[in-house]
Amino acid sequence: MIPKYISSVQVKEILTWPLVNAAVEEALKAIDYSELNAANLEQSYKQQPPRTITTCGNASKLLLTMPGYVGNYNALNRKTNDHLKCSSTLACKVVTSFTNNQNLQPPLPNILANILLFDINTGELQCIMEGTQITAWRTAAASIVATKYLYMKRFPQGFETSIKLAIIGCGVQGQSHALGMCATFNVSEIYLWNRTQSKADDLALKLQKLYSQNSVQVFVTNTPAEAVREAAVICIGTYSPNALINYDMLKTGDVHINTVGAGAVHFGEVSQDIYDNAVIYVDSLINARTELKDLKANIIGEIGQVIREGKRTEKKCLTIYQSLGMAAEDATVAQAVYDAL
């Protein structure tokens, strides 16, 4: 078998938020393979080993390998947005994270990825797919799914609930989160902050053009504190090793935080006093045991359990979705792209 190559241009033509959100939700809700028993053999399941991280000289240059298998899940038909078939996918994502890429001329994305899809019957390499865009989209989609189940379901109106959104860090992940959240939820106000303000200004212009008819108000702030002051949903995705937001900055009442820090310390951008007052959900407990081993926080469990049960088991007003990233998410999204071509 000669592997098919799918470029970033082809990937971009296929990706839509309903498609990616649905694929990621399927990956998140699949139960861990070790939990399978005779009573739930028809349940979707995943095999999600810990990823490997190789440093290339120092922590600013990383190579990550992320294998994963998802079985018996429902794929989304791109044309009808209906779940039509039961799929199984074996994939491995290979990622480089080089933090200096943004300073090159011309600049490159800090995170570059390729996804390998394998034939589940023979193990042959079926496809090599550029995965940089999929990484950005599926990470934002996981935050969207987490927001849906950890925050939006607190209200009888559900998706109709109007929210004020804060984006801390307006790089690739900040842009994906802003665009995905606005495309999925009823966002009334969005507050943007970035260390280099020009990035926040550029994102503000893009959002204003896209959502000028939707009455979405866009604000660029001078500090993270200004951005989160009124926000009910906060998305923070930076390389900062130091806390950018603390508990006193947050509004009182219901608040949900999606944190997708890409630095050497995943949880460095959020202060300890926020973790002290919140309950935390993750996408993968296996990855959390290694990558969050130094985090002093109340990790309730995986977001997948909330999806399967349809509700949270606790009533805390402050929730955090601590995103680590799973190859299972890349696998289901890459399969959806592959099937659509």
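About the cut-offs
- Residues numbered from 1 in each chain as written.
- Predicted model: local features only at pLDDT ≥ 70, side-chain atom pairs only at ≥ 80, totals over all residues.
- Heavy atoms only, no water.
- Helix = DSSP H or I, 4+ residues; strand = E, 2+ residues; numbered from the N terminus.
- Expected span 1.5 Å × (residues − 1).
- Buried < 20%, exposed > 50% of the residue type's maximum accessible area, 1.4 Å probe, protein only.
- Domains from an automatic or database assignment.
- Contact = heavy atoms within 4.5 Å.
- Buried area = accessible area lost by both parts, 1.4 Å probe.
- Salt bridge = Lys/Arg side-chain N within 4 Å of Asp/Glu carboxyl O.
- Polar contact = N/O pair within 3.5 Å; in protein donor to acceptor, adjacent residues only side chain to side chain.
- Nonpolar A, V, L, I, M, F, W, Y, C, P; charged D, E, K, R; others polar.
- 1 Å grid on protein atoms, 1.4 Å probe; cavity = no way out; pocket = protein on both sides within 12 Å on 5 of 7 lines; lining within 4 Å.
- Points joined across faces, edges and corners; volume = space filled by probe spheres on them.

### Structural notes on helix 10 (residues 327-340)
Over its 14 residues, helix 10 runs 20 Å from end to end, which matches the ideal 20 Å to within 8%, given 1.5 Å per residue. Taken across its 14 residues, helix 10 has eleven buried, putting it largely inside the fold. Among all positions of helix 10, only Ala 327, Ala 328, Glu 329, Asp 330, Ala 331, Thr 332, Val 333, Ala 334, Gln 335, Ala 336 and Val 337 are buried.

### Looking at the domain arrangement of the protein chain
You can read the domains of the protein chain as domain 1 (4-135 + 329-340) and domain 2 (136-325). Computed over C-alpha atoms, the centres of domain 1 and domain 2 are 22 Å apart. Between domain 1 and domain 2, the contact holds 34 residues from the first and 34 residues from the second. A buried area of about 2,600 Å², summed over both sides, lies between domain 1 and domain 2, and 58% of it is on carbon and sulfur atoms. Contact with domain 2 buries surface across domain 1, with Trp 17, Leu 28 and Arg 51 losing the most and accounting together for 27% of the total. Connecting domain 1 to domain 2 are five salt bridges. Between domain 1 and domain 2 we count 16 residue pairs in polar contact (both at pLDDT 80 or more) in total. At the level of secondary structure, the elements contributing two or more residues to the side of domain 1 that touches domain 2 comprise helix 2 (17-29), strand 2 (31-32), strand 6 (83-98), helix 3 (132-150) and helix 10. For the side of domain 1 that touches domain 2, the element with the most residues is helix 2, which contributes seven residues. Here the side of domain 1 that touches domain 2 is built from residues that sort into 15 nonpolar, eleven polar and eight charged.

### Comments concerning empty space enclosed by the protein
A probe matching the size of a water molecule, rolled over the atoms, marks out where space remains unfilled. A full pass over the atoms with the stated rule returns two cavities of 30 Å³ or more. Size it by volume and the largest cavity reaches roughly 50 Å³. Leu 19, Ala 23, Glu 26, Tyr 73, Asn 74, Ala 75, Leu 76, Thr 332, Gln 335 and Ala 336 are the residues that line the largest cavity. Per-element tally for the lining of the largest cavity: the top contributor is strand 5 (residues 61-76), with four residues. Counted by class, the lining of the largest cavity contains six nonpolar, three polar and one charged residues. Approximately 40 Å³ is the volume found for the second largest cavity. Lining the second largest cavity are Ile 167, Ile 168, Gly 169, Gln 173, Gly 174, His 177, Cys 235, Ile 236, Gly 237 and Val 260. Taken together, the elements giving at least two residues each to the lining of the second largest cavity come down to strand 9 (162-168), helix 4 (172-184) and strand 12 (233-236). The element that contributes the greatest number of residues to the lining of the second largest cavity is helix 4, accounting for three residues. Partitioning the lining of the second largest cavity into residue classes produces five nonpolar, five polar and no charged.

### Examining the pattern of salt bridges
If you walk through the whole model with that rule in mind, you get eleven salt bridges. One salt bridge connects Glu 26 with Lys 29, and the closest N-O pair in it is separated by 3.3 Å. Taken together, the residues Glu 26 and Lys 29, both in helix 2 and three residues apart, mark about one turn of the helix. Residue classification places Lys 29 among the partly exposed positions, given a relative accessible area of 24%. Arg 312 is the salt-bridge partner of Glu 314, the closest N and O atoms lying 2.7 Å from each other. On the basis of relative accessible area, Glu 314 is assigned to the buried category, the value being 13%. The network of salt bridges with common partners includes Lys 93, Arg 138, Glu 329 and Asp 330.

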